[in-house]
Amino acid sequence: MSPELPLNRVLLRLYVSGEASLALTAQDNIERIRDAVGHACEIEVIDVVADPEVAERDRIIITPTLVRVEPPPHLRVAGDLADVDATLDALGIRAWARNHGGGS
Amino acid sequence: VTVASDAGLTAEQLQTIVESAADAILVVDGDGAIRFVNPSGVELLARETHELVGFPFGHPVATERPARIELVTGNGQRRIAELRASAIEWQGADARLVILRDVSDPVTEEVSRLHLHVRGLSLRLTEIERRLRDVED
């Protein structure tokens, strides 16, 4: 959590695994998501292989998983994130960005 | 009228099909929680049914092509799988039917990895083209 995060920003948490090609693809896709949000978007990346306790704590069973941490509520998407539109819709970010002067 | 009713299948027969399927079959509700998992799903995820039901899977997002994902299983094994998802109604509410196919087999995995590599190169080319256009503008 980032309690200092300004209200007009989005914090996403991306869980990836050690499988290099999958992790790289997920990060490619999340860059497209960052572009689509159209304003400051902070992204934390967690490697569940390097940090298995975090995966257990956050109950991650699939990577990539992308979680909308801020603004609340917490919402999570499981998949390769290739469909940026569907990912943004599932996270409710597009509507939120429109209401806060963002792009897309 | 459905294919199942056309074929005259009973609920018991349908249950047998679902429970015997080699692929993992899950139902994920509108909040992203698992509501049903078949025996292959229990085996693939290496967790008990009671542990999986209610587990926060997340909203499954997949294009027409299956998404290649990695499973964090209960026994610590990592499995590569293809994920497909489609919209269904479950107990009167919108839900997603998720099919997970284990592609951890080395040969299958290598083919998938090569497909992914080509796809990654394509995405990077698109990004380079976009940046070149930005520079030209």
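Residues numbered from 1 in each chain as written. Chains lettered and ligands numbered in written order. Predicted model: local features only at pLDDT ≥ 70, side-chain atom pairs only at ≥ 80, totals over all residues. Heavy atoms only, no water.

### Regarding the sheet that holds strand β1 (residues 24-29) of chain B
- Taken in spatial order, the 6 strands make up an open sheet running β3(A)-β4(B)-β5(B)-β6(B)-β1(B)-β2(B), and their pairing is antiparallel. In this open sheet, the two strands that pair with only one neighbour each are β3 (62-63) of chain A together with β2 (34-37) of chain B.
- Relative to strand β6 (residues 93-102) of chain B, β1(B) runs antiparallel, the two being bridged by 6 bridges. Its bridge partner lying in β6(B), B:V27 is registered against B:L97. (Pairing = 2+ DSSP bridges. Helix = DSSP H or I, 4+ residues; strand = E, 2+ residues; numbered from the N terminus.)

### Remarks on the pairing of β1(B)
All names here are of chain B.
- Across the 6 residues of β1, 6 count as buried, placing the element largely inside the fold.
- Of the two faces of β1, the one lined by A24, L26 and V28 and the one lined by I25, V27 and D29 are each fully buried.
- Bridging between β1 and β2 involves 3 bridges; their strand directions are antiparallel. Residue pairing for β2: V28 is matched across the bridge by I34. (Buried < 20%, exposed > 50% of the residue type's maximum accessible area, 1.4 Å probe, protein only.)

### Some thoughts on the packing of aromatic side chains
- Tallied over the entire structure, the rule returns 1 aromatic pair over all chains.
- When the ring of B:F36 is compared with that of B:W90, the centres are 6.0 Å apart and the planes differ by 40 degrees; the resulting orientation is tilted. Of this pair, B:F36 sits in strand β2 while B:W90 sits in strand β5 (residues 78-90), and the two are 54 residues apart along the sequence.
- Seen from the ring of B:F55, A:R59 lies directly overhead, with NZ or CZ sitting 4.6 Å from the centre. (Phe/Tyr/Trp six-rings, centres within 6.5 Å; stacked < 30°, edge-to-face > 60°. Lys NZ or Arg CZ within 6 Å of the ring centre and 35° of its normal.)

Spatial relationships are all this shows, so hold off on functional conclusions.
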